[in-house]
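Chain by chain, the residues run as shown.
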Amino acid sequence: MANTAKKSSTAPAAKAVIRPAYTIERARLLCPTVDQAERLAVRFALEPLDFHEIKDATQGAITASSTAIESAMNEQALEIHLQRIVGAFVASACGAGDFYSAKVTLARELTTRLSNDSRDEDRDGVAGFDSKATRAREFAAQVGLQAMALLAAAEGAVEAFAKITGSEWKPYARALPNDKKVDRLAAEAEMQAFD
């Protein structure tokens, strides 16, 4: 019978992906402001959006929903429920803001390439069709209005949370993992030095 070497059972730990928290402040930084959205709508001939109407409609819908279910829930359960709902609105606005930022960056890069006369591959395509840069700018403008609409909805959700619960909404913060596993792995590695 062959003598098999004892293999260490310690595998490298998977790296945890740390994402920035989805906060209303982050959403405000990523999404276009009302003034920027108005400029996008005018310059790209898009339907303008009413930020305050979207915000008020979302706040009203969450408030009405909470009123309908509050008799079936205690105060803490209702707050947890609202925490999740508001978190979804804020996460959606942050995601849309990230997407908008990426599309604006792409539109800028493509537009900058067009100004370089010595690059043939960046020239406009067939006559009568929009260039890649034009399409990228138009798409970024559309995405910008969507992001602004989702920010308005998130603002309404945050305000509804404050109105219903009497406290300010804060993003869910996941508890840090227990470091006992890391300590145990380190202790095992140190003990192997004595073998």
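Residues numbered from 1 in each chain as written. Predicted model: local features only at pLDDT ≥ 70, side-chain atom pairs only at ≥ 80, totals over all residues. Heavy atoms only, no water.

Overview of the layout of surface pockets
In this structure, the second largest pocket encloses a volume near 410 Å³. As for the second largest pocket, its lining consists of 18 residues, of which Leu40, Tyr100, Val104, Arg108 and Ala140 are closest to the centre. Contributing elements (two or more residues each) for the lining of the second largest pocket: helix H1 (24-30), helix H2 (34-43), helix H4 (75-114) and helix H5 (132-165). Across the lining of the second largest pocket, the residue classes break down as 11 nonpolar, 3 polar and 4 charged. (1 Å grid on protein atoms, 1.4 Å probe; cavity = no way out; pocket = protein on both sides within 12 Å on 5 of 7 lines; lining within 4 Å. Points joined across faces, edges and corners; volume = space filled by probe spheres on them. Helix = DSSP H or I, 4+ residues; strand = E, 2+ residues; numbered from the N terminus. Nonpolar A, V, L, I, M, F, W, Y, C, P; charged D, E, K, R; others polar.)

Regarding helix H3 (residues 51-69)
The periodicity of an α-helix, 3.6 residues per turn, causes residues three or four positions apart to be oriented the same way. In a regular helix each residue adds 1.5 Å, so 19 residues correspond to 27 Å; H3 covers 28 Å between its end C-alpha atoms and thus fits that length. Listing the buried residues of H3 in full gives Phe51, Lys55, Thr58, Gln59, Ile62, Thr63 and Ser66. Along the axis of H3, the buried positions cluster into a sector of 125°, meaning they face one direction only. Turned more than 90 degrees away from the buried face of H3 sit Glu53 and Ala68, all of them exposed. With a side-chain oxygen lying 3.2 Å from the backbone nitrogen of His52, the N-terminal cap of H3 falls on Asp50. (Expected span 1.5 Å × (residues − 1). Buried < 20%, exposed > 50% of the residue type's maximum accessible area, 1.4 Å probe, protein only. Arc of directions from axis to C-beta. Polar contact = N/O pair within 3.5 Å; in protein donor to acceptor, adjacent residues only side chain to side chain.)

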